[in-house]
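Inside the fold
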Amino acid sequence: MGKDECKTMLDALNKVTACYRHLVIALGSTSDSQNLREELKRTRKKAQELAVANRTKLTSLLKDKSISKEDRAEYERLWVLFSSSMELLEVDMKRSLEIGQDFPLKVPTRHLIQTGMTGSTTTVAARAMSVQNMKYEADSNIDTADLRDLQCEISQVSQMMEEMEMKVQVAPWAVEAKQEAGAELKSNMSVGNSSVGVISICEEEPKEEEGGGSRDTGFASICAVVIFLVIVTVAVVLGYLVINMS
Amino acid sequence: MTIRNPLRDHGQRYRPRIACLKKAEKVLLEMQDLKTGVKSQPQRLVITTIPHAITGEDIIAWLADRFQVDTQEARSFGSMLVALGYIYPLQDHKRLVIKPDASLYRFQTPYFWPTQQWPVEDTDYAIYLAKRNIRKKGILEVHEQEHYNHLHKWMNHKWDFIVMQAKEQYRAAKERKKPDRVVFDCQERAYWVVHRPPPGTVSAMDYGLDRLIDPNADEAKTPDFYARIMIFTQQSIMRPRVKSSVSLGAVVKYCATYNNHDPFLSKCLPSNPWLTDDVTYWTLNMPYVEIPTKMRVERWTFSFAELLSDPRGRNDFRLFLKKEFSGENLAFWEGCEDLKWGEAATMREKAEHIYKTFLARGAPRWINIDGKTMEITVKGLKHPHRYVLDAAQTHIYMLMKKDSYGRYQKSPVFKETVKKAICPEEHHFTDAQLEQNAKKRRPSLSPIILRQMEQEQKAKMAANVDITQLCRFTTPVPHLAVYSGITDFPSANASPSLPFLAHSPACPSPISVALDSTSASERRVEAGEGEGEGNPAAQAPAGGNVSKSRMALSLHRLLKRGCTPATLFASLSPKCHSAAGTSSHIQPISPDQPSQALPRRIGNFFQIKVDIPPECRIYPIESEDEDEENRAASRGGVGAKEIICPWESLTPQNGTG
């Protein structure tokens, strides 16, 4: 069905947008590298493909005058999802252009900001591209060469969005969301059928304040103390038995 | 949805006064140098170690060294970098200051820098809050929860997207290694502390209104640009100039006078609410507070404008004027202000009301302005606009300033106020108390409530108005809301036998003001009448008035005043003496003149006619008891003839030809 297809594609676009944002955040910092630039490029291309596909699908669905009112409302909702994703993507692309220009990799006098992030972003990019491992095969001057491509792509995206606004008459403020407040706490997905991630419990927050901090650290420490006591008790009991025996 | 067409985009998104951002970025880059930059050390957490943490003292030392300034200034500079969001603290993340000790900081990634062209979007904040909600399992801080609810209401159409994106971003973040995850969380949280500060945090992003054009960008040199420059220079040439010695003298005087009253330059008693979050200062200085502070009372002595602009000072001044029986000046001035600043819809009625109350002859609160100003005002009132009473208002303002203000400052009213004024003690808050105060911050009264309070005050004041200033031409008009009865009279016109008009509100005397046809001769006539009435006893009885002329006289008089036929005949009786003659010269008046309700305003519209419509609305003139000299006798009570404004069209009973 057209709707399910749309939803899957939107999910994919959403995922790629989120990953792209993570990658752009790492730009300019100490986890920046050639690989990162290549990852950015490939994620971007994927995002664009998905965007074009989504757009054609949704415009064809919305142009169809013979759909029912509920269907139309649903398509408008999907349209709002799509356009919000595109806005985010566009802003991130523009920012990556700017930061990329400010932080060229090959110039020795330009230092990367020591943000504390040192790891690589391979896994994020892999998630975006939906592959297991990323292979890097770009040239060494990707950071400058890519920027020109990036500029073209940004103008393409802007054009596309303008066209979208002109052609499709959807009032975004009239759309009602299906999710209520706090919906993100529920672990089932809203649109489509992607895999559900288990929200892990023991996320440690760096210790800054005495009073603050999450309950998780307290929980973990209580667990550790309990286990320690159990082991000590067992050791005492065994020792007592040994002494009794001998 | 953003507006994409740049021609129609009038959104204001450029932040003014943030030219420091580019400079701060340059400094940041210099700090990154491994050899000459700030020394970094690893931060040890329970499980992980994260590199690139810097201590506060290192940052301050580096800044002091680089810019060759002293430690205090380096510290302020460092605090500015933190407040802008380029460096964030790892401990105590809500206070955006640099502490000159071993507390740790870290650099912010360039994506989260506060650059000029990337405004902070609410969508991003909503996504961040949703992510935080997932992370904290529904337990957000109070201000975060408020923001969340607010955004959920106002961005409801995007909420699906926000939830989806939050979940995806959360999962994507988990793909990274543990230390990087921790750093990313810290970075994002620091970014939002700067751009959506929690209560008690001062961030440098509180910059005021956005502007339409980028103030840091160079302006294109179009013909418009040059046209603007030309207009500006032409106007500068035409500007009137003041000698610099004069203007500088004025500046020096102003600074010297207001130095102690400036909360930046000197202490603000009890404490500056913006610094200590304690609102005592504001409660003590409310507009209509009973007991003002000493500083406030001192300001009233600086200039008359200060006194009038402070509502409490104005009240005090009003009280003083009431005692001096010149309250109408201030009331008129306030009425003019109300006209100037009020709504356009009610302007006409306001102008008329002010005219009837203050300016017309026979007005209940007549003010004393010179003839020329009065002419200009009356002429302007034919086509009233906001500034029609400006000349009169200025005149009255100057009068009050030169005359009453000086006396006010020496008066017992003012001295009493000065004695009762309070001088609050200065607060000395400890750090813990300051934090308590910050937590207890609440929004102030809504402007709607303040407005209602103000209007209640005004209504109260209007109800209490005391019309004490009557000139001899004044007649009370019952329909005017301000009139509330007179208990005493100025002795200006006092002669006890002077037939004053009715005091009691129940029976006002007839008035008919015909200003259109007021001529100088009439004025003289009335002046003559008044004066004639002022000397009732002084004149020898007229004596040989021929009865015929007397009759004519009385007829004329009666017609002018308008009487019912009964009194007409009564007055024709020889025993009845009419009051001061209506002829155009001062007539000798018999001492035993009858107590008449003398309408001071004489309707000169009337021609001499014999028959008078019996439904004439004008009071019968009391004709008996010429010995009676009180004018306080009751009149029979038909409604009075109103003061007619000169621009109103003549009604049939006024004009008979």
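Per an unreviewed UniProt entry, chain B carries the name Regulator of G-protein signaling 9 and comes from Perca flavescens. According to the UniProt record, the Subcellular location (unreviewed entry) comment for chain B reads "Membrane".

Looking up chain A in an unreviewed UniProt entry gives the name Regulator of G-protein signaling 9-binding protein, with the organism given as Perca flavescens.

1. Brief notes about the overall build of chain A
Along the backbone of chain A there are six helices and zero strands. Listing the helices and strands of chain A from first to last along the sequence gives α-α-α-α-α-α. A buried classification covers 46% of the 246 residues belonging to chain A. Of the contacts formed within chain A by residues at least 6 apart in sequence, a portion of 81% connects residues at least 24 apart. Accessible area for chain A stands at about 12,600 Å²; split by element, carbon and sulfur atoms hold 60% of it.

2. Considerations on the nonpolar core
Ranked by internal contacts, the top residues of the largest apolar core, which has 108 residues, are Phe82(A), Met86(A), Met31(B), Ile59(B), Tyr86(B) and Ile87(B). Considering each element in turn, this core owes the most residues, 11 residues, to helix α3 (residues 69-102) of chain A. Non-local contacts of Tyr86(B), meaning those with residues more than four positions away in its chain, are made with Leu21(B), Ala24(B), Glu25(B), Leu28(B), Leu81(B), Arg106(B), Phe107(B), Gln108(B), Trp113(B) and Pro114(B).

3. Thoughts on the sheet that holds strand β1 (residues 41-44) of chain B
All names here are of chain B. Pairing is antiparallel in the open sheet, where four strands are placed in the order β1-β2-β4-β3. Looking along the sheet, the strands with just one partner apiece sit at the ends: β1 and β3 (87-89). In this sheet, neighbouring strand axes are inclined to one another by 55 degrees on average, regardless of whether the strands run parallel or antiparallel. Where β1 lies against strand β2 (residues 49-55), three bridges are found, and the strand directions are antiparallel. Across the sheet, the residue bridging to Gln 41 is Ala 53, located in β2. Packed onto the sheet, helix α2 (residues 56-67) meets β2, β3 and β4 (104-107) and runs at close to 50 degrees relative to β2.

4. What to know about the pairing of β2(B)
Residues and elements named next belong to chain B. Among the seven residues of β2, five are classified as buried, and the element is accordingly described as predominantly covered. Between the antiparallel neighbours β1 and β2 lie four residues. Pairing geometry for β2 and β4, over two bridges, is antiparallel. For Ile 54, the partnering residue across the bridge sits in β4 and is Tyr 105.

5. Concerning the interface of chain A and chain B
With 83 residues of chain A in contact, the opposing surface of chain B contributes 72 residues. Between chain A and chain B, the buried area comes to about 7,300 Å², and carbon and sulfur atoms account for 55% of it. Our count for the contact surface shared by chain A and chain B stands at five salt bridges. The shortest N-O distance in the salt bridge between Arg21(A) and Asp124(B) comes to 3.0 Å. When contributions to the side of chain A that touches chain B are tallied by element, the ones reaching two or more residues are α1 (2-26), α3, α4 (122-129) and α5 (142-167) of chain A. Ranked by the residues each element gives to the side of chain A that touches chain B, the list is headed by α3(A), at 15 residues. A breakdown of the residues in the side of chain A that touches chain B according to their chemical character gives 31 nonpolar, 26 polar and 26 charged.

6. Let's talk about the packing of helix α4 (residues 122-135) of chain B against helix α7 (residues 178-195) of chain B
Residues and elements named next belong to chain B. Here α4 crosses α7 at 130 degrees, and the two axes come no closer than 11 Å. The angle between the axes of α4 and α7 places the two elements in the oblique class. The crossing of α4 and α7 is left-handed. Contact with α4, carried on its side by Asp 124, Tyr 125, Tyr 128, Lys 131, Arg 132 and Arg 135, involves Phe 184, Asp 185, Glu 188, Arg 189 and Trp 192 of α7 and no other residues of that element. For the contact of α4 with α7, a count of residues per class yields four nonpolar, no polar and seven charged.

7. A closer look at the UniProt feature "transmembrane region" (unreviewed entry) in chain A
The feature "transmembrane region" (unreviewed entry), as given by UniProt, occupies residues 219-243 of chain A in the numbering adopted here. Secondary structure content for residues 219-243 of chain A is 100% helix and 0% strand, and the end C-alpha separation is 36 Å.

8. Here we look at unusual backbone geometry
Here the residue pair Leu269(B) and Pro270(B) is connected by a cis peptide bond, since its omega of -10 degrees sits within 30 degrees of zero. For Pro270(B), the location among the structural elements is in the loop between α9 (244-258) and α10 (273-276).

9. Here's the deal with the pairing of β4(B)
Residue and element names in this part refer to chain B. Burial of the side chains of β4 extends over both faces: Leu 104 and Arg 106 are buried on one face and Tyr 105 and Phe 107 on the other. Both β3 and β4 contribute to a ladder of three bridges, which runs antiparallel. From the neighbouring strand, Ile 87 faces β4, where its bridge partner is Phe 107.

10. Quick word on the side chain of Gln114(A)
For Gln114(A), the position within the fold is in the loop between α3 and α4. The class for Gln114(A) is buried, based on a relative accessible area of 7%. Not counting residues within four places of it along the chain, the set of residues in contact with Gln114(A) comprises Thr30(A), Gln32(B), Leu34(B), Ser40(B), His52(B), Arg106(B) and Phe107(B).

11. Re the confidence of the model for chain A
Summing up the model confidence of chain A, the mean pLDDT is 78 and the portion of residues at 70 or higher is 87%. Note on residues 188-216 of chain A: pLDDT is under 50 here. Beyond four places in sequence and across chains, it has 59 contacts.

12. Topic: the packing of aromatic side chains
All names here are of chain B. Under the counting rule described, the total for this entry stands at 24 aromatic pairs over all chains. Here the aromatic rings of Tyr 125 and Trp 192 are separated by 4.8 Å at their centres, their planes lie at 45 degrees, and the arrangement is tilted. A residue pair is termed long-range when its members are at least 10 positions apart, and Tyr 125 in helix α4 and Trp 192 in helix α7 qualify at 67 residues. Residue Tyr 125 is classed as buried on the basis of its relative accessible area, which comes to 2%. By relative accessible area, Trp 192 is classed as buried at 4%. Here the aromatic rings of Phe 332 and Phe 358 are separated by 5.6 Å at their centres, their planes lie at 65 degrees, and the arrangement is edge-to-face. Of this pair, Phe 332 sits in helix α15 (residues 327-341) while Phe 358 sits in helix α16 (residues 347-359); the two residues are 26 residues apart in sequence, bridging distant segments of the chain. For Phe 358, a relative accessible area of 6% gives the class buried.

13. Some points on the environment of Tyr125(B)
All names here are of chain B. Separated by 26 residues in sequence, Tyr 125 and Leu 151 place their C-alpha atoms 8.8 Å apart. Contacts of Tyr 125, omitting those with residues within four sequence positions, involve Glu 144, His 147, Leu 151, Trp 192 and Arg 196. In terms of polar contacts, Tyr 125 uses its side chain to reach the side chain of His 147, at 3.2 Å.

14. So, the pattern of salt bridges
Under the defined criterion, the tally for this structure stands at 41 salt bridges over all chains. Salt-bridge contacts for Lys167(A) lead to Glu163(A); the nearest nitrogen and oxygen are separated by 3.8 Å. Of this pair, Lys167(A) and Glu163(A) both sit in helix α5, four residues apart, which is roughly one turn of that helix. Glu30(B) is paired through a salt bridge with Arg66(B); the nearest N and O atoms lie 2.4 Å apart. With a gap of 36 residues between them, Glu30(B) in helix α1 (residues 20-31) and Arg66(B) in helix α2 connect regions that are remote in the sequence.

Parameters and conventions
Residues numbered from 1 in each chain as written. Chains lettered and ligands numbered in written order. Predicted model: local features only at pLDDT ≥ 70, side-chain atom pairs only at ≥ 80, totals over all residues. Heavy atoms only, no water. UniProt positions renumbered as here; feature names shortened; annotations may be inferred. Helix = DSSP H or I, 4+ residues; strand = E, 2+ residues; numbered from the N terminus. Buried < 20%, exposed > 50% of the residue type's maximum accessible area, 1.4 Å probe, protein only. Contact = heavy atoms within 4.5 Å. Areas by Shrake-Rupley, 256 points an atom, 1.4 Å probe, with all protein chains shown as cover. Core = buried A, V, L, I, M, F, W, Y, C linked by side-chain atoms within 4.5 Å. Pairing = 2+ DSSP bridges. Axes fitted to C-alpha atoms, helices over the stretch in contact; angles between N-to-C directions. Buried area = accessible area lost by both parts, 1.4 Å probe. Salt bridge = Lys/Arg side-chain N within 4 Å of Asp/Glu carboxyl O. Nonpolar A, V, L, I, M, F, W, Y, C, P; charged D, E, K, R; others polar. Parallel < 35°, antiparallel > 145°, perpendicular 65-115°, else oblique. Left-handed = near helix turned anticlockwise from the far one by under 90°. pLDDT = per-residue confidence, 0-100. Phe/Tyr/Trp six-rings, centres within 6.5 Å; stacked < 30°, edge-to-face > 60°. Polar contact = N/O pair within 3.5 Å; in protein donor to acceptor, adjacent residues only side chain to side chain.

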